[in-house]
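Each chain, letter by letter, is given below.
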Amino acid sequence: MWTRARHALASAVLVTVVACSTGPSPANLGAVTSPGATRHLTIGSAGFTESELLAQMYALLLGEAGYRTRIQSVPSREIYEPALESGRIDVVPEYAAAFADWLNAKVNGPDAGTAGSPDLARTMAALRKLATPRGLTVLDAGKAADQYAFAVSASFARELGLTTLSDLGKTKLPVRLAADEECVQRPDCAPGLKKTYGIDITAVDPLGVGTTPARQAVQSGRDQMLLTTTTDATLDDFGLVPLADDKHLQNADYIVPVVNRARAGGEGVTRALARLNTVLTTADLARLNEQVDSQGRPPRDVARKYLESKKLLPESGG
């Protein structure tokens, strides 16, 4: 399962690899401005289920539009982003706020702060300002977002009448949170829950983001709340329900295609990928993830069936 831990800075090993990667030199940033479109496109996947599903959908839509495609799995942004700049990868599914923050740190240093925000328009403006000089074009976001989310047991929610995080804050009850270790410090996790919602987080149980042990801890009552993601489709299996982020603590991590402008910045690619924006929702993406992770179906088959069901591809008949 994808977690925001995958957005963290690379280890020293990955940094060394990136240092050896090719890409535009600082002197040449912004030099490639003309949008183009080769007919042979490489689509990057970050190696986890959701990224693979999105890459497969991109490949199928581009194939339907007349492009020849291949998918390359590169399990780290620290590696695939330079490859995207250099044109060794042409298209990558990304997350608007997380990618804005990552580019901001790359351009302005690790202490640069955040560029993303809960507001999608502001986030997209910041992201495009950072991406454009690097020869990248950020296409429009659709309806689907993969953000942090918080869930409680359904019985706990019913007993206290909880539907939002604000509701939980108003109870003034102590809350033990099943999450990753970084949650203790991240402003969108334990500190943000206290500051934004007044939730009394008494401890963080370091069980990870949306893991089975974390779900079981909340199911059993050992913990009162779980850190997961908006595309987690397994909550029902554990008797858990999400609480709405009604004050928008989480940044706008909507899914956006990012392309190498010189190779994939033409209108044909933009039109083909924009078709997904008209249909794909967060709930859809959660169900697609579940079909791969829980049912063991191949990502390409799941992606194709979904696009066929939305009339974006002709039915294969298989």
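Scroll up to find the structure this text is about.
Bear in mind that the values here come from a model prediction, so they are computed numbers and not experimental data.

Turning our attention to the overall build of the chain. Counting secondary structure elements, the chain contains 13 helices and ten strands. A burial count over the chain gives 50% of its 318 residues as buried. Look at the contacts in the chain between residues 6 or more apart in sequence, and 77% of them connect residues 24 or more apart. For the chain, the exposed area adds up to about 14000 Å²; of that, 52% sits on carbon and sulfur atoms.

Attention now goes to the pattern of salt bridges. Under the defined criterion, the tally for this structure stands at 15 salt bridges. The salt bridge involving Glu85 is made with Arg134; its shortest N-O contact spans 2.6 Å. With a gap of 49 residues between them, Glu85 in helix α3 (residues 77-86) and Arg134 in the loop between α5 (120-131) and β4 (136-138) connect regions that are remote in the sequence. The closest approach of N and O atoms between Arg263 and Asp90, which form a salt bridge, is 2.4 Å. Residue Arg263 is found in helix α10 (residues 261-264), and its partner Asp90 is found in the loop between α3 and β3 (91-95); the two are separated by 173 residues along the sequence. Note on Arg263: relative accessible area 29%, which makes it partly exposed. What makes Asp90 buried here is its relative accessible area of 0%. Residues participating in the shared-partner salt-bridge network are Glu81, Glu85, Lys106 and Arg134.

Helix α12 (residues 282-293) packs onto helix α2 (residues 49-64) with a crossing angle of 110° between their chain directions and a minimal axis gap of 10 Å. In terms of orientation, α2 lies roughly perpendicular with respect to α12. Residues Thr49, Glu50, Leu53, Leu54 and Met57 of α2 lie in contact with α12, whose contacting residues are Leu285, Leu288, Asn289, Val292 and Asp293. The residue inventory of the contact of α2 with α12, partitioned by class, reads six nonpolar, two polar and two charged.

Our next topic: the packing of aromatic side chains. In the structure shown here, the tally under the stated rule is one aromatic pair. Here Phe99 and Trp102 contribute two aromatic rings whose centre-to-centre distance is 6.5 Å and whose plane-to-plane angle is 15°, an arrangement assigned as stacked. Here the residue Phe99 and the residue Trp102 both occupy positions in helix α4 (residues 96-108), the gap between them amounting to three residues, near one helical turn. When its relative accessible area of 1% is taken as the criterion, Phe99 is described as buried. Judged by its relative accessible area of 10%, Trp102 is buried. The ring of Tyr67 has Arg39 lying over it, and the distance from NZ or CZ to the ring centre is 3.9 Å.

Its twelve residues place the ends of α12 16 Å apart at the C-alpha level, agreeing with the 16 Å of an ideal helix rising 1.5 Å per residue. Asp284, Leu285, Ala286, Leu288, Asn289, Gln291 and Val292 are the residues of α12 that are buried. Summarising the contacts, the buried residues of α12 are in contact with α2, β10 (255-260) and α13 (299-309).

Okay, the side chain of Arg261 next. With respect to the helices, strands and loops of the structure, Arg261 is situated in helix α10. One polar contact links the side chain of Arg261 to the main-chain carbonyl oxygen of Leu136, over a distance of 3.0 Å.

So, on to unusual backbone geometry. Here the phi dihedral of Lys172 falls at roughly 60°; this positive angle occurs in a residue that is not glycine. Within the secondary structure layout, Lys172 lies in the loop between α7 (165-171) and β6 (174-179). Even without glycine at this site, His248 takes up a positive phi of about 60°. Position of His248 relative to the elements: it lies in the loop between β9 (240-243) and β10.

Quick notes on the rules
Residues numbered from 1 in each chain as written. Predicted model: local features only at pLDDT ≥ 70, side-chain atom pairs only at ≥ 80, totals over all residues. Heavy atoms only, no water. Helix = DSSP H or I, 4+ residues; strand = E, 2+ residues; numbered from the N terminus. Buried < 20%, exposed > 50% of the residue type's maximum accessible area, 1.4 Å probe, protein only. Contact = heavy atoms within 4.5 Å. Areas by Shrake-Rupley, 256 points an atom, 1.4 Å probe, with all protein chains shown as cover. Salt bridge = Lys/Arg side-chain N within 4 Å of Asp/Glu carboxyl O. Axes fitted to C-alpha atoms, helices over the stretch in contact; angles between N-to-C directions. Parallel < 35°, antiparallel > 145°, perpendicular 65-115°, else oblique. Nonpolar A, V, L, I, M, F, W, Y, C, P; charged D, E, K, R; others polar. Phe/Tyr/Trp six-rings, centres within 6.5 Å; stacked < 30°, edge-to-face > 60°. Lys NZ or Arg CZ within 6 Å of the ring centre and 35° of its normal. Expected span 1.5 Å × (residues − 1). Polar contact = N/O pair within 3.5 Å; in protein donor to acceptor, adjacent residues only side chain to side chain.

Just distances and angles here, no functional claims.
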